[in-house]
Amino acid sequence: MKKHSYLAIVLILAIVLCLFIPSCSKKVEDSDIVIVYTTDVHCGVDDNIGYASLAAYVKKTKELSKNFTLIDAGDAMQGNLIGSLSKGKYIIDIMNALNYDLYAIGNHEFDYGIDELSQRIDQFKGEFISCNLSYTGKKENKISKVKPYSIKDYGFAKVGFVGVTTPTTLVSSNPANFVEDGEVVYSFHADTLFDEVQKNIDECKANGCKYVVLVSHLGYLDNYKPYSSVDLINNTSGAIAVIDGHSHQVASCNYYKNKAGQMIPLCAAGYKMNVIGRITITKDGDVQLGIINSYPQKDQDAQDLIDGIEAKIDEEVSKVVATSDLAMSIYDAAGIRMVRSREVAIADVVADSYRDASGADIAFANGGGVRADLKSGDITYGDIKNVLPFDNTLCLIKATGAQILDYLEFAARKTEHEYTDGTKAIGENGAFAQTSGLTYTIDTSIASSVVVDESGNFVKVDGERRVKNVKVLQGDEYVAIDPEKTYTICSLDFILLDGGDGVVMFKECEVISKNVMLDSEALVRYIVDVLHGSLKDKYETVGNRIIIV
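Residues numbered from 1 in each chain as written. Predicted model: local features only at pLDDT ≥ 70, side-chain atom pairs only at ≥ 80, totals over all residues. Heavy atoms only, no water.

A.B. asks: Explain the pairing of strand β12 (residues 209–217) residue by residue, including any values.
C.D. replies: Within β12, eight of the nine residues are buried, which leaves the element mostly enclosed by the surrounding structure. In this structure, strand β8 (residues 158–165) lies alongside β12, joined through eight bridges in parallel fashion. The residue bridging lysine 158 from the neighbouring strand is cysteine 209, located in β12. Of the pairings in the sheet, the one linking β12 to strand β13 (residues 241–245) comprises five bridges and is parallel in character. For serine 216, the partnering residue across the bridge sits in β13 and is aspartate 244. Handedness of the crossover is the feature at issue here: the chain leaves β12, passes through helix α8 (residues 229–234), returns alongside β13, and the resulting connection is right-handed. (Buried < 20%, exposed > 50% of the residue type's maximum accessible area, 1.4 Å probe, protein only. Helix = DSSP H or I, 4+ residues; strand = E, 2+ residues; numbered from the N terminus. Pairing = 2+ DSSP bridges. Right-handed = clockwise from strand over helix to strand, strands pointing away.)

As structure tokens, then:
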């Protein structure tokens, strides 16, 4: 087959290139190393470009270069029903069909538990990689097949791919997943992260690798510090590029100075495959990075596999379980996500369903747990599961007003006066406290004084508080919270019992019930039995439960 020039590929695929080394070979020769990568697909199997088009692109690229590697940089298995109903199995089926070579573990790979992750590791035909994940327990190491790095020999050069997983996984996935006999037995080496990465870069070099690429699920924006991919570059040397996941951002190539003073490119492939990433290493040593914005062709075999899986899902979730006269969204009219930084009506409904199901004084719904819009009309089980996909159990505890105030301060620590910069959401926090039975104000003119530990767990409030005017509903009236008083709280076991999102201030509280009901069951019950499908009168506008000033 006639070889295509790299420039032609640029024009056809709308790929944006930048060069790591100034001199640039414009042809993709048989000897060129071509690395294609995805990240944060979050079960978006046919969103945007989609796996079927990726399969077609991979097939065409392999015709042009024999030295090809396909990588995912984490968070592929979780995100909607195709993941949650199969515990990630269907996603690995698709990735195996596309012949993915490497899969760097992200934080959400742990969401279905270690046992399920172990099965997905066994199922995957490629290699899972993470250099900073280790097991310290005394039982079976169910992640033993995860490698710190993988070395690929392309003939003219070996390339080492080092996986890196965010240390905040201990709080951003369910903390209970990492515990054995009451002790945390999985480590992400937060205190020695960069040393771990450097050690593995050096090992790759010692094993003959001419190049090392870091496949990082750390995020590169400032809110991911001190464990961001930029920090990773700043504190290591020897890698030629970093593939970044976790940010949900697109970066064709951003340059940052490494520990040796060299400028190293970072690239990222967005969210739900809105783009595909590509790195080409030529025989002459040029490193070319780019982003593919669209690829209309689809591979029919991949599409047939996806269609078959989605048919199975449709059959399971198509049962109508409720009706609603109001459509509600976690986004604003421009498509900017609000639920992790602002009160939204759908989260009011969710929090109210928790409080009604438990009889608690107060209920909290974490913004990161409310994942999708809720349509009007007939609502299926699948619609409910898209909103609350994690199968979390509601529990009921007793907590003091002081503990509640600490929680609100912690949950509001990232909130900014504006929730968007015009193109994307800012000031987000998965722990953001959507409420029922409680109102509060966040004064964003006050910098957060919350102290967290190396894993992102709450330690203390060490200064002025930005959360003000906290009131609890008593009868028909909201009254000021009493720090000395004890209140009953309903929320997810993930939050109240397991310390999820770093919310550890409730872990020693008295537990009234560990098993009120599943969060999804509570939502269905509330819409059907309490609201009788009539949501518009109460929830057409937000209830001013959270005021941002």
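A.B. asks: Outline the sheet that holds strand β30 (residues 546–548), listing residues and values.
C.D. replies: Read from one edge of the open sheet, four strands run β27-β26-β23-β30, paired in mixed fashion. Sheet topology places β27 (477–480) and β30 at the edges, where each strand pairs with a single neighbour. Within this sheet the neighbouring strands show an average axis-to-axis angle of 20°, counted without direction. The pairing of strand β23 (residues 438–442) with β30 spans three bridges and is classified as parallel. The residue of β30 that forms the bridge with tyrosine 440 is isoleucine 546. Each of β23 and β26 (467–474) is contacted by helix α12 (residues 401–411), which is oriented at about 130° to β26, the strand it contacts most. (Axes fitted to C-alpha atoms, helices over the stretch in contact; angles between N-to-C directions. Contact = heavy atoms within 4.5 Å.)

A.B. asks: Report on the pattern of salt bridges, specifying residues and quantitative values.
C.D. replies: Evaluated as defined, the whole model comprises 22 salt bridges. Across the salt bridge formed by lysine 272 and aspartate 47, the nearest N and O atoms sit 4.0 Å from each other. With lysine 272 in the loop between β15 (263–269) and β16 (276–281) and aspartate 47 in the loop between β2 (33–38) and α2 (50–64), the pair connects residues that are 225 residues apart, well separated along the chain. Judged by relative accessible area, lysine 272 falls into the buried class, the value being 14%. The exposure class of aspartate 47 is partly exposed, given its relative accessible area of 28%. Between aspartate 122 and lysine 145 there is a salt bridge, with its nearest N and O atoms 2.7 Å apart. With aspartate 122 in helix α5 (residues 114–123) and lysine 145 in the loop between β6 (134–135) and β7 (149–153), this pair connects stretches of sequence that are 23 residues apart. Judged by relative accessible area, aspartate 122 falls into the partly exposed class, the value being 47%. (Salt bridge = Lys/Arg side-chain N within 4 Å of Asp/Glu carboxyl O.)

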